[in-house]
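Summary of the model geometry
Chain residues, written in single-letter form:
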Amino acid sequence: MKHQRGFTLVEIMVAMAIGLVMTAVIVTVFGQSTQSSKVNQARGEIQEQARVALDTLQRDLRQAGYIGCNSNRLLNSGGLINTATTPASYLDNIAISMQGYEGTGASFVPAAPVAVTGATPNASPINDAITIRIPAGQPVSLSGTMASGTAVVPVFSTAGFAAATRAVIGDCAQSSLFVVTGVAGGLQHAVGASNTTADLGRAFGPDAMVVAFNTISYYVAPSSFSGENSLWRRVGLAGNSEEVAEGVEDFQLTYGQDTDGDNFADIFTAADAVADWRQVVSVRASLLLRSKADRTAQNAQAYNFNGATSIAPPDRRLRRPFNITVQLRNRTI
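The structure reproduced in this document is the subject of the present report. (Residues numbered from 1 in each chain as written. Predicted model: local features only at pLDDT ≥ 70, side-chain atom pairs only at ≥ 80, totals over all residues. Heavy atoms only, no water.)

As for the overall build of the chain
Looking only at helices and strands, one finds three helices and 16 strands in the chain. Referenced to the eigenvectors of the C-alpha coordinate spread, the extents of the chain come out at roughly 125 × 45 × 35 Å. Per-residue burial for the chain yields a buried fraction of 45% across its 333 residues. Taking the intrachain contacts of the chain between residues at least 6 apart in sequence as the baseline, contacts between residues at least 24 apart amount to 63%. (Helix = DSSP H or I, 4+ residues; strand = E, 2+ residues; numbered from the N terminus. Buried < 20%, exposed > 50% of the residue type's maximum accessible area, 1.4 Å probe, protein only. Contact = heavy atoms within 4.5 Å.)

Structure representation (structure tokens):
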């Protein structure tokens, strides 16, 4: 009778060793693949959030300062007229198309308005904030000439306008801000609680255009979806701000000022060093975004941001800085 030969102890141990090595290789490859997938996903999320944030911010910044044909004041037309009862208020101060607030950690300098510090959610002074006054839609042509400077503004359409809407009317000779008090027969701007006068300064004609006007603020506050911070955008005095992008760790702004009247920035400073906001012709925005999850990277990733180099983070999140410089075309073109 023939006996079958079994495995020896040495053969079994060799097979087990080979199996353990193969298992270790598989586990290592799988772990590296999973880690690589986590990193790539985090990078994609950061890139997408940054794209949305920068596109939105850039779009609004480019519109700042629009007051009609002579927005850049190169034609030396008549001075801007503001008929609102509170021309220097948050909603009405069209003469200052942009105002920045340097976050010091404890407060904003210059002091931010209640519309920013009291927003929902309210702004964190750890980061910077900015207020921009821009058109709220497409300019509308006048359908005829006003009977007088106090008469109703005739327009082809009153869509987009309602009582309490801030509006700017302008041609190449004059621009005026008023608060719409009614839309029957055109845009009404009666004297009263909203306007100190009904006189827009002149009888505008078909060469003029009128546009609704908004005050918008950007700031950083906790996200409504996670424990991360987000970039927020508040339109007017809306009850709740709009969450623009999540994962914003830092938001810093510097302002290019034209000090010699040639329409180019001569110096860039933080908001607390801007002497005259009417001289600001460009804005440099720096955003630092980070991944939502810790331990995304195998090791802590040092980064550069806003002039500082080799910053050592306290965790293993991925971080990436983004920078844009926006020319205020209504000031320089």
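Once you've had a look at it, read on.
Quick look at the side chain of Gln257
Along the chain, Gln257 falls in strand S11 (residues 248-257). Judged by relative accessible area, Gln257 falls into the buried class, the value being 3%. Among the polar contacts made by the side chain of Gln257, one reaches the main-chain carbonyl oxygen of Tyr255 at a distance of 3.3 Å. The contact partners of Gln257, leaving out residues within four places of it in the chain, are Phe264, Ala265, Asp266, Ile267, Thr269, Ala273, Val274, Ala275, Gln279 and Val280. (Polar contact = N/O pair within 3.5 Å; in protein donor to acceptor, adjacent residues only side chain to side chain.)

Let's talk about the nonpolar core
Met98, Tyr218, Phe251 and Tyr255 are the most contacted members of the largest nonpolar core, which has 38 residues in total. Counting only elements with at least two residues in this core, the list comes to helix H1 (9-63), strand S4 (129-135), strand S8 (209-222), strand S10 (242-246), S11, strand S13 (280-290) and strand S16 (319-327). Counting residues per element, this core draws most heavily on H1, at eight residues. When residues no more than four places from it in sequence are discounted, the contact partners of Phe251 are Leu57, Asn127, Asp128, Tyr218, Val220, Leu231, Ser286 and Leu287. (Core = buried A, V, L, I, M, F, W, Y, C linked by side-chain atoms within 4.5 Å.)

Some thoughts on the packing of aromatic side chains
According to the stated counting rule, one finds one aromatic pair in the structure shown. Look at Tyr255 and Trp277: their rings are 4.8 Å apart centre to centre, the planes differ by 85°, and that puts the pair in the edge-to-face class. Of this pair, Tyr255 sits in strand S11 while Trp277 sits in the loop between strand S12 (267-269) and S13, and the two are 22 residues apart along the sequence. The same class applies to Tyr255 and to Trp277, which are both buried. Geometry around Phe204 places Arg202 over its ring, the cationic atom sitting 5.3 Å from the centre. Its end group placed over the ring of Phe268, Arg284 keeps NZ or CZ at 4.0 Å from the ring centre. (Phe/Tyr/Trp six-rings, centres within 6.5 Å; stacked < 30°, edge-to-face > 60°. Lys NZ or Arg CZ within 6 Å of the ring centre and 35° of its normal.)

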